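Here's the letter readout for the chains.
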Amino acid sequence: MIRLAVIGGGPKSLFALLALNDLLDPTAAGHITVDVYDPLPPGSGSVWRNDQPDALRLNVNAGVVDASSSINSENFAQWVNRVAPEMSREKYPPRTLVGRYLREQFQLLTRYGKLSVAHAPFVVTGVVREGGRWCVCGPFGTRNYDEVLLATGHGLSGAVPPEPLAGAVNKQPLIGDYASLSLAEIPPGAAVRIRGAALTAYDVALLLTEGRGGFWQHDKGYIPEQQDLHYMASGREPRRITLTSRSGILMDPKSEKNPVEISASLEQYRQDLREWASHVRENPHDDDGLSGMWAILLQCAQECGRLLGSTVTPLSLWRTALTGLSVNAVPGSTNPSTQSGAAAGLRHSLAVNGRNSPITTGWLWARVWSGLYAELVHALDRLPRSTRARRQFLLLARNLERFAFGPPDLTARKLVALFDAGILQLDSSAEKRGDVILVDAVTPGPGALWAAGGNPNSDVLAGLLQAGQISVRPGDRGLLSDPDGTCAAHDGSRNESLAAVGRPTEDPTLGHDTLNRDLHGEHRRWAHRVAVRVVNNVVEQPDLEGE
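This is a predicted model, so every value here is computed, not measured. (Residues numbered from 1 in each chain as written. Predicted model: local features only at pLDDT ≥ 70, side-chain atom pairs only at ≥ 80, totals over all residues. Heavy atoms only, no water.)

Trainee: What should I look at first to understand the overall build of the protein chain in this one?
Mentor: Along its length, the protein chain carries 14 helices and 15 strands. Taken against the 2.2 N^0.38 rule, which gives 24 Å for 547 residues, the C-alpha radius of gyration of the protein chain at 24 Å falls within 12% of a compact globule. With the C-alpha coordinates aligned to their principal axes, the bounding extent of the protein chain is approximately 85 × 60 × 45 Å. Counting over 547 residues, the protein chain shows a buried share of 53%. Partitioning the contacts of the protein chain with sequence separation of at least 6, the portion at a separation of at least 24 is 75%. Split by element, the accessible area of the protein chain, about 23400 Å² in all, is 51% carbon and sulfur. With 54 positive and 58 negative side-chain charges, the protein chain shows a spacing of 5 Å between the two charge centroids. (Helix = DSSP H or I, 4+ residues; strand = E, 2+ residues; numbered from the N terminus. Rg over C-alpha atoms; globule rule 2.2 N^0.38 Å. Buried < 20%, exposed > 50% of the residue type's maximum accessible area, 1.4 Å probe, protein only. Contact = heavy atoms within 4.5 Å. Areas by Shrake-Rupley, 256 points an atom, 1.4 Å probe, with all protein chains shown as cover. Lys, Arg positive; Asp, Glu negative; His and termini not counted. Charge placed at Lys NZ, Arg CZ, Asp CG, Glu CD.)

Trainee: What am I meant to see in empty space enclosed by the protein here?
Mentor: The final tally for this structure, using the stated rule, is two cavities of 30 Å³ or more. As a volume, the largest cavity reaches approximately 90 Å³. Taken together, K12, F15, V501, G502, H512, N516, R517, H520, E522 and H523 make up the full set of residues lining the largest cavity. Put simply, the parts of the chain that give the lining of the largest cavity at least two residues each are α1 (11–23) and α14 (522–540). Tallied by class, the residues present in the lining of the largest cavity amount to two nonpolar, five polar and three charged. Counted as a void, the second largest cavity has a volume near 50 Å³. What lines the second largest cavity is A55, L56, R57, N59, R95, L199, Y202, D203, L206 and T411. No other element matches helix α4 (residues 199–207), which puts four residues into the lining of the second largest cavity. Across the lining of the second largest cavity, the residue classes break down as five nonpolar, two polar and three charged. (1 Å grid on protein atoms, 1.4 Å probe; cavity = no way out; pocket = protein on both sides within 12 Å on 5 of 7 lines; lining within 4 Å. Points joined across faces, edges and corners; volume = space filled by probe spheres on them. Nonpolar A, V, L, I, M, F, W, Y, C, P; charged D, E, K, R; others polar.)

Trainee: Would you mind going over the nonpolar core with me for this structure?
Mentor: Generally speaking, a soluble globular protein has its nonpolar side chains buried in company with each other. Of all hydrophobic cores here, the largest spans 45 residues; its most connected members are W276, M293, L297 and W369. Of all the secondary structure elements, the ones that give two or more residues to this core are α5 (260–282), α6 (291–307), α7 (314–323), α9 (361–371), α10 (373–379) and α11 (387–404). Considering each element in turn, this core owes the most residues, eight residues, to α6. Each residue touching W276, except ones within four places of it in the same chain, is listed here: D287, L290, G292, M293, I296, A379, L380 and L383. Core analysis: the second largest hydrophobic core is formed by 44 residues, A19, W48, V501 and V534 among them. (Core = buried A, V, L, I, M, F, W, Y, C linked by side-chain atoms within 4.5 Å.)

Trainee: Looking at this structure, how should I read the state of the cysteines?
Mentor: Two cysteines, two sulfur atoms, one covalent bond between them: this is a disulfide. Applying the stated criterion to the full structure yields zero disulfides. With no disulfide of its own, C137 has C135 as its nearest cysteine by sulfur position, at a separation of 3.9 Å. (Disulfide = S-S within 2.5 Å.)

Trainee: What is the right way to read the packing of aromatic side chains from this model?
Mentor: Any two aromatic rings considered together are summarised by their centre-to-centre distance and by the angle between their planes. Taken as a whole and judged by the stated rule, the model has 13 aromatic pairs. Between F122 and F140 the ring centres are 5.3 Å apart and the planes differ by 50 degrees, which places this aromatic pair in the tilted class. A residue pair is termed long-range when its members are at least 10 positions apart, and F122 in the loop between β3 (116–120) and β4 (126–130) and F140 in the loop between β5 (133–138) and β6 (141–145) qualify at 18 residues. Here F122 falls in the partly exposed class, since its relative accessible area comes to 27%. Through a chain of ring-to-ring contacts, three or more aromatic side chains come together here, namely W294, W318, W369, Y373, F393 and F405. Directly above the aromatic system of F393 lies the positively charged group of R385, at a separation of 5.5 Å from the ring centroid. (Phe/Tyr/Trp six-rings, centres within 6.5 Å; stacked < 30°, edge-to-face > 60°. Lys NZ or Arg CZ within 6 Å of the ring centre and 35° of its normal.)

That is the geometry; function is a separate question.
In C-alpha cells:
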C-alpha cells in the first residue's frame with residue numbers, strides 16, 4: 001500500500017489526482033490511498049469556493065476550464081450546458097459556478113476513482129522526512145506517508161502577509177472569503193480606501209456596488225464594446241471608493257480578439273522562441289541575460305504594428321516595457337497618457353481594443369505577451385538565468401501582464417460607470433485622508449517566499465527549507481523542481497517522493513495563476529511517476545487472496 005498526502009485542495013491538486021487516476025490500471029485499485037489536506041472543500045479550494053457572490057466573475061475565457069477525465073468527460077462548457085444552460089453563453093461566468101464544477105469533479109473522483117481519496121479538513125503545519133517516509137503534522141497529530149505533493153496554491157490558511165495593512169477590515173488576503181466587506185463592517189455611505197488597483201481591487205469595488213444591489217443600464221440600441229454602461233445605485237453602497245496605486249495606472253482591459261493578420265504572424269515568432277530556447281539550453285552561457293528572447297519579442301511587437309500600419313520604434317516599445325507607460329503607436333495621434341482621469345484612460349483602452357482609436361505600444365505588447373505566452377512558458381522552463389536577468393524579467397513581466405491580463409471588457413465598462421457616477425476614484429498617494437475604512441486588496445504573489453531573498457510564506461515550506469529538503473535559486477521566489485514536479489533538495493539532488501506543482505514553483509516555471517491545465521505538464525509527469533510506483537508495488541505485493 002502506498003500512502004499519498006496532498007497539501008492543498010485546489011484545481012492543481014485535482015488535475016494531478018485525475019491524471020493519476022486515469023493512468024492507473026484497475027488492478028491497482030486498493031494499492032494507493034490519498035489524503036487531501038485543506039480546511040475548505042477540495043476541488044475548488046480557496047479561490048473558487050462555492051459561497052462567493054455572483055458579482056465576482058471569471059477573469060479568463062471559460063473555454064480554458066477543463067477537468068474532464070475518464071470518470072467524467074464533461075469540460076466546464078459542457079457541464080454548464082447541462083446544469084446551468086442560462087449561463088452557457090457567458091464568456092466570463094460567476095466564479096462560484098466554476099467552483100461548483102471543480103468541486104463536483106473531486107466528488108466524482110472520490111466515488112468512482114481507482115484511488116481511495118479522503119478529504120482531511122485540516123491545515124498542515126509541517127512536513128518532515130523520517131527515513132524513507134514523510135511525517136505530516138497538524139492539529140490532527142502526525143501521520144506517515146510514502147509520497148507528498150505540495151499544491152498550496154494561494155497559500156495555506158492563516159498565513160499572515162509580510163506587510164499587513166494596519167487598520168484594514170480584512171486581516172487576511174481577500175482570496176475567496178469576502179465576509180469582511182459586510183454591511184456591518186462597511187456601512188452604506190462610508191468612504192472606503194482600497195490598497196491596490198488591480199483585479200482584486202476591482203472585485204472589491206464590484207462587491208460594494210453591484211454586490212449590494214446596484215445595477216447597470218445601457219443606452220437604447222446598446223452595442224457591446226462600443227457604448228458606456230450607467231450605474232444605478234441601490235443606496236447601500238459606500239459614497240466613495242478609492243483605489244490606490246503608486247503608479248497611478250489601472251490595468252488595461254484585455255482585448256477580446258486579435259486581428260487576423262496579427263494572429264497569423266505569431267506562429268513564426270513561436271518558432272523563433274523554440275529555436276532560441278533550444279540554443280540556450282545547449283549553450284547556457286550564450287544568453288543568460290535573456291537578450292535574445294527580448295529581441296524576438298520586440299521584433300514581434302514591431303511586426304504587429306507594421307501589419308496594422310504603424311511604424312512604432314523599438315525604443316518606444318522597450319521604454320513601455322520598462323516603465324509600464326503606454327503611448328500611441330501612430331505618430332501625430334493623441335497620447336493616452338496625457339488624458340486626464342482613470343475613466344478616460346479606461347475608455348481609451350476599450351476604444352483601442354475595439355479598433356476605434358489608434359493602437360498603442362501597450363496594446364501591441366498585450367498582443368505579443370498573451371499571444372506568445374504559452375511558448376514563453378515552455379521556453380523559460382527552469383532555464384538558468386543570472387540574478388540580473390531574473391530581476392529584469394520580473395519587472396518587465398509585471399508591466400506586460402498589466403497590458404495583457406487585465407479585466408474583461410465588461411468589468412472595465414462597469415468600472416468606467418462607477419467613475420462616471422462619482423463613486424470610484426483612483427489615487428496614487430499612499431497617504432490616508434480623513435475618516436475612511438481601509439481594505440487590503442493586495443494578494444500574496446506566487447512562489448515559496450514572500451519575495452526573492454525573503455522569508456518563506458508558510459511554516460510547512462520554512463521547515464522544509466531549513467531541513468534542506470527543498471531549494472530556491474538565488475533571485476527566485478519559487479521552489480526548484482524537475483519536470484515531473486520532484487523537488488530539488490538543497491544539494492541539488494532529486495528529493496524522491498516529495499513533489500510540488502503550481503504556484504509554489506513560480507519563477508523556475510512561469511504562469512501558474514491559471515486554470516488552464518494544458519499550460520504546464522508537471523502534474524501529468526508526476527502522475528506517471530507515481531503510477532509506475534503503484535504498479536511496481538502491486539508486482540512486489542501480489543494479491544494472495546485464495547491461496
